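Spelled out, the chains give:
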Amino acid sequence: MAIDRRREAAGGGRQLPEENGSLPAGEAGSAAAAAAPAAAPPAAAAEIQTLPPPPAAGSCSPLLLDYDGSVLPFLGGLGGGYQRTLVLLTWIPALFIGFSQFSDSFLLDQPDFWCREADGQGNGTGHLTRGPANHSRSGSGGMLGAPALPTPPPGDNASQCHCQEWQYQIRAGLAQNVVSKWDLVCESSWKVHIAKFSLLVGLIFGYLITGCIADWVGRRPVLLFSVIFILIFGLTVALSVNVTMFSTLRFFEGFCLAGIILSLYALRIELCPPGHRFMVTMVASFIAMAGQFLMPGLAALCRDWQVLQAVIICPFLLMLLYWVIFPESLRWLMATQQFEASRKLILHFTNKNEMNIESDIKGVMPELEKELTRRPKKVCIVKVVGTRNLWKNIVVLCVNSLTGFGIHHCFAKSMMGHEAKMTITHNFYADYYTMAGIALASCLAMCPVVGFLGRRGGLLLFMILTALASLLQLGLLNLIGKYSQLPDSGMSDSVKDKFSTAFSIVGMFSSHAVGSLSVFFCAEITPTVIRGGGLGLVLASAGFGMLTAPIMELHNQKGYFLHHVIFACCTLICIICILLLPESKNQNLPENIPDGEHYTRKPLLPHKKGEQPLLLTNSELKDYSGLHDSSAVGDGVSENTTANGM
């Protein structure tokens, strides 16, 4: 009798939380039914034992929740022609997105400017003043055949800012841009950085808000409404009458652009089987880079910033057709238990692929028919706070994304600063295509590295390269600088500049891979029911990292060294945290929060034969809060029970 009381106190009257590794709901119900006869009167014991275990409240058929294992094979994966068409439709807008993301480099480029003062005969005379962020020389416009500018006379720049009429030489292929339109130079130059802020801040808010909306109403409505509003705000930007109107409208344009980027990213991930997700995502990245490479030619053809803005936005008109031809994400519908809409969409898929419904070997459709009356079950990203492992994984990837995109500007600034002193590259196009070429090389390197090492191993490798490049640039170059000052050292400043440029290129190469891979990694390990919110968090973190560039320019690069030191320290912290992440290569996407919670870490190297692992596997996770009762109920536990409660 005393043993029974201890047994009931130890586990009979308390239900263990499922996310802490306890028994699933069905097994817990069986255990409760088996324990009931011990506490019931003898007369009722036999009657209770004959009853089947009660079904768990709110449970759904595991076949329907296993999308990658049952539903996607039934539809043919990417082998179906309709699925390939939908993936292609997610690739095409990446070109338009590439145009929009890199438009600031042309619309807000700081030109060379000088004051045009008419003499008595009406001839123009003046002096040149360089833009604050301009490292180009007087021949920087040579690609466009622009005349050489007069050399700047010695004197104070403040005295040169008193002018009635400015003349500009724009390096970015345009005859007029936003800076020359409203004379955003000298005391008005800070407005240029605010205009750069506006697009990035709009992207950050857009990622956070549209991600939550996409989890609640679906990916398709977010995509379509974002397209409608980016057409409205984007075309209105071209009609701006002052820089305040321009900056405000660019904020809303960035907000809508974020909705398009996030919804397409989620749709792309959710359409693909495990073996094709990375390849499909990388193709979209290459198409967006094609937009980056084509942007200078587009600017040279348009010649005016207003025409360029309209040409960038107008292709989004084609996406209005997506209202008719693009369906909602079937994976999201199944994960949120919207089975009536899922049934209609599955029939639509089978009709488009000309499939026979009788090929449903696993019986997806019969199970779906049984669950049609179930109410939808939607989840907000806030629910992740109550989890045990999932929120840590998301936070680690957000910090990785922030560090990758934040330190990228440090490397770029260091490289461009030294190139300004060298004769190798000294014009806008060389700088622009150098940055684009490094990003392209980074994405090309990601494909074999991630294919061989996996998501976690690839991310760890690129983060180690970023940390090494950063620490060597901060530490070794200072040592070289000290030795170069000695008269008999034989070192010159050019040696230090060459080392710094080399470290900067390696750092930009690896940090771009870190940022991009962090976003993709987060999209894979975040459950489908909150994938929009998880993607919004990691993309917003990337936006915060990119926001450091205009902030540093606004402060005229003050605190640049401290900025670099902080991010270098973050890389070391990230290296440790990456080891705690799970590996998602060739794994099914988690559909709900319990699936994401059990997406636990596996060792980088496989265990040797006969070696006992130090960490528990998913099936061995238990709630350790009951361990202190094990000695009290030891005589009532079966022989197969271990110290971990299994």
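What counts and what doesn't
Residues numbered from 1 in each chain as written. Predicted model: local features only at pLDDT ≥ 70, side-chain atom pairs only at ≥ 80, totals over all residues. Heavy atoms only, no water. Helix = DSSP H or I, 4+ residues; strand = E, 2+ residues; numbered from the N terminus. Buried < 20%, exposed > 50% of the residue type's maximum accessible area, 1.4 Å probe, protein only. Contact = heavy atoms within 4.5 Å. Areas by Shrake-Rupley, 256 points an atom, 1.4 Å probe, with all protein chains shown as cover. Expected span 1.5 Å × (residues − 1). Bend = angle between axes of the 7 residues up to and from the residue. Phe/Tyr/Trp six-rings, centres within 6.5 Å; stacked < 30°, edge-to-face > 60°. Lys NZ or Arg CZ within 6 Å of the ring centre and 35° of its normal. 1 Å grid on protein atoms, 1.4 Å probe; cavity = no way out; pocket = protein on both sides within 12 Å on 5 of 7 lines; lining within 4 Å. Points joined across faces, edges and corners; volume = space filled by probe spheres on them. Polar contact = N/O pair within 3.5 Å; in protein donor to acceptor, adjacent residues only side chain to side chain. Salt bridge = Lys/Arg side-chain N within 4 Å of Asp/Glu carboxyl O. Core = buried A, V, L, I, M, F, W, Y, C linked by side-chain atoms within 4.5 Å. Axes fitted to C-alpha atoms, helices over the stretch in contact; angles between N-to-C directions. Parallel < 35°, antiparallel > 145°, perpendicular 65-115°, else oblique. Left-handed = near helix turned anticlockwise from the far one by under 90°. Nonpolar A, V, L, I, M, F, W, Y, C, P; charged D, E, K, R; others polar. pLDDT = per-residue confidence, 0-100. Pairing = 2+ DSSP bridges. Patch = residues over 30% accessible without salt bridge, like charges linked within 9 Å, V, L, I, M, F, W, Y side chains within 5 Å.

A. How the structure looks around the overall build of the protein. Within the protein, the regular secondary structure consists of 24 helices and 5 strands. Looking at the protein as a whole, 49% of its 646 residues are labelled buried. Long-range pairs, those at least 24 residues apart, make up 80% of the contacts in the protein with a sequence separation of at least 6. Accessible area of the protein: about 30300 Å², with a carbon and sulfur share of 64%.

B. Summary view of helix H13 (residues 277-302). Over its 26 residues, H13 runs 37 Å from end to end, which matches the ideal 38 Å to within 8%, given 1.5 Å per residue. At leucine 294, H13 shows its largest bend, some 40°, and a proline, proline 296, comes one to four positions later. Immediately beyond the C-terminal end of H13, within one or two residues, lies arginine 303, with a positive phi of roughly 70°.

C. How the structure looks around the packing of aromatic side chains. Tallying each qualifying case throughout the model produces 19 aromatic pairs. Look at phenylalanine 428 and tyrosine 432: their rings are 5.9 Å apart centre to centre, the planes differ by 25°, and that puts the pair in the stacked class. With phenylalanine 428 and tyrosine 432 both in helix H20 (residues 428-484), this residue pair falls 4 residues apart, about one helical turn. Judged by its relative accessible area of 7%, phenylalanine 428 is buried. Through pairs of rings, three or more aromatic residues link up here, namely Phe106, Phe293, Phe428, Tyr429, Tyr432 and Tyr433. A cation sits over an aromatic face here: arginine 220 above tryptophan 323, 5.4 Å from the ring centre.

D. Representation of empty space enclosed by the protein. Using the criterion set out here, one finds 2 cavities of 30 Å³ or more in the structure. Considering only enclosed or pocket space, the largest cavity measures out at about 110 Å³ in volume. At the level of secondary structure, the elements contributing two or more residues to the lining of the largest cavity comprise helix H5 (67-75), helix H6 (81-101), helix H12 (243-271) and helix H16 (330-335). Looking at which element gives the most residues to the lining of the largest cavity, the answer is H12, with 3 residues.

E. Region of the structure containing the side chain of serine 541. Note that serine 541 resides in helix H22 (residues 531-554). Only 2.9 Å separates the side chain of serine 541 from the backbone oxygen of leucine 537, close enough to count as a polar contact.

F. Fine view of the pattern of salt bridges. Counted according to the given criterion, the structure contains 8 salt bridges. Residue glutamate 270 pairs with arginine 219 through a salt bridge whose shortest N-O separation is 2.6 Å. Taken together, the positions of glutamate 270 in helix H12 and arginine 219 in helix H11 (residues 219-237) put the pair 51 residues apart, joining distant regions of the chain. For the pair glutamate 270 and arginine 219, one class covers both residues: buried. Across the salt bridge formed by arginine 531 and glutamate 270, the nearest N and O atoms sit 3.1 Å from each other.

G. Examining the nonpolar core more closely. Phe106, Phe246, Ile260, Leu308, Phe316 and Leu535 are the most contacted members of the largest nonpolar core, which has 134 residues in total. If one sorts the elements of this core by residue count, H12 sits on top with 15 residues. Once you skip the residues sitting within four places of it in the chain, phenylalanine 106 turns out to touch Ala172, Leu174, Asn177, Met295, Pro296, Ala299, Leu308, Phe428 and Tyr432. One finds Cys410, Ala412, Ala469 and Met508 within the second-largest nonpolar core, a separate group that totals 9 residues.

H. Here's a closer look at the side chain of arginine 250. By the secondary structure assignment, arginine 250 is in helix H12. One polar contact links arginine 250 to aspartate 104, side chain to side chain, over a distance of 2.3 Å. A polar contact of 3.3 Å, which involves the side chain of arginine 250, links it to the side chain of glutamate 253. Not counting residues up to four positions away in its chain, the partners in contact with arginine 250 are Ser103, Asp104, Leu107, Ser198, Leu199, Val237 and Gln309.

I. Molecular detail of the packing of H12 against H13. Where H12 meets H13, the axes come as close as 9 Å, and the angle between the chain directions of the two elements is 150°. Taken together, the axes of H12 and H13 are roughly antiparallel relative to one another. Classified by chirality, the crossing of H13 by H12 is right-handed. Listed contacts from H13 to Tyr265, Arg268 and Ile269 of H12 are Arg277, Val280, Thr281 and Ala284.

J. How the structure looks around the packing of helix H10 (residues 190-217) against H12. Contact geometry for H10 and H12: axes closest at 6 Å, N-to-C directions at 35°. In the packing of H10 onto H12, the handedness of the crossing is right-handed. Classifying every residue of the contact of H10 with H12 gives 17 nonpolar, 8 polar and 2 charged.

K. Geometry of the confidence of the model for the protein. In this model, the protein carries a mean pLDDT of 76, and residues with pLDDT of at least 70 account for 69%. Note that residues 1-57 has pLDDT below 50 and, in this model, 43 contacts with residues that lie over four places away or in other chains.

L. Quick peek at the pairing of strand E1 (residues 112-115). Across the two faces of E1 the burial is the same, with Asp112 and Trp114 and Phe113 and Cys115 all buried. By the bridge criterion, 4 bridges tie E1 to strand E5 (residues 166-169) in an arrangement that is antiparallel. When the bridges of E5 are listed, phenylalanine 113 appears paired with tyrosine 168.

M. Representation of the environment of phenylalanine 326. Assignment of secondary structure puts phenylalanine 326 in the loop between helix H15 (322-325) and H16. Through-space distance from the C-alpha of phenylalanine 326 to that of leucine 224 is 9.8 Å; in sequence the pair is 102 residues apart. In this view, phenylalanine 326 contacts Leu86, Leu89, Thr90, Arg220 and Leu267; residues no more than four positions away in its chain are not counted.

N. Representation of a nonpolar patch on the surface. Together, Phe225, Ile228, Phe229, Ile232, Leu317, Leu320, Leu321, Trp323, Val324 and Ile325 make up a nonpolar patch on the protein surface, roughly 960 Å² of accessible area in all. Looking at which element gives the most residues to the nonpolar patch, the answer is H11, with 4 residues. Mapped onto the fold, leucine 317 is located in the loop between helix H14 (305-313) and H15. Overall, leucine 317 belongs to the partly exposed group, its relative accessible area being 46%.

O. Geometry of unusual backbone geometry. Even without a glycine there, the phi angle at glutamine 337 is positive, about 60°. Relative to the helices and strands, glutamine 337 resides in the loop between H16 and helix H17 (339-352). The exposure class of glutamine 337 is buried, given its relative accessible area of 8%. Unusually for a residue other than glycine, asparagine 586 sits at a positive phi of about 60°. On the secondary structure map, asparagine 586 appears in the loop between helix H23 (560-578) and helix H24 (593-597). The exposed category is assigned to asparagine 586, whose relative accessible area is 51%.

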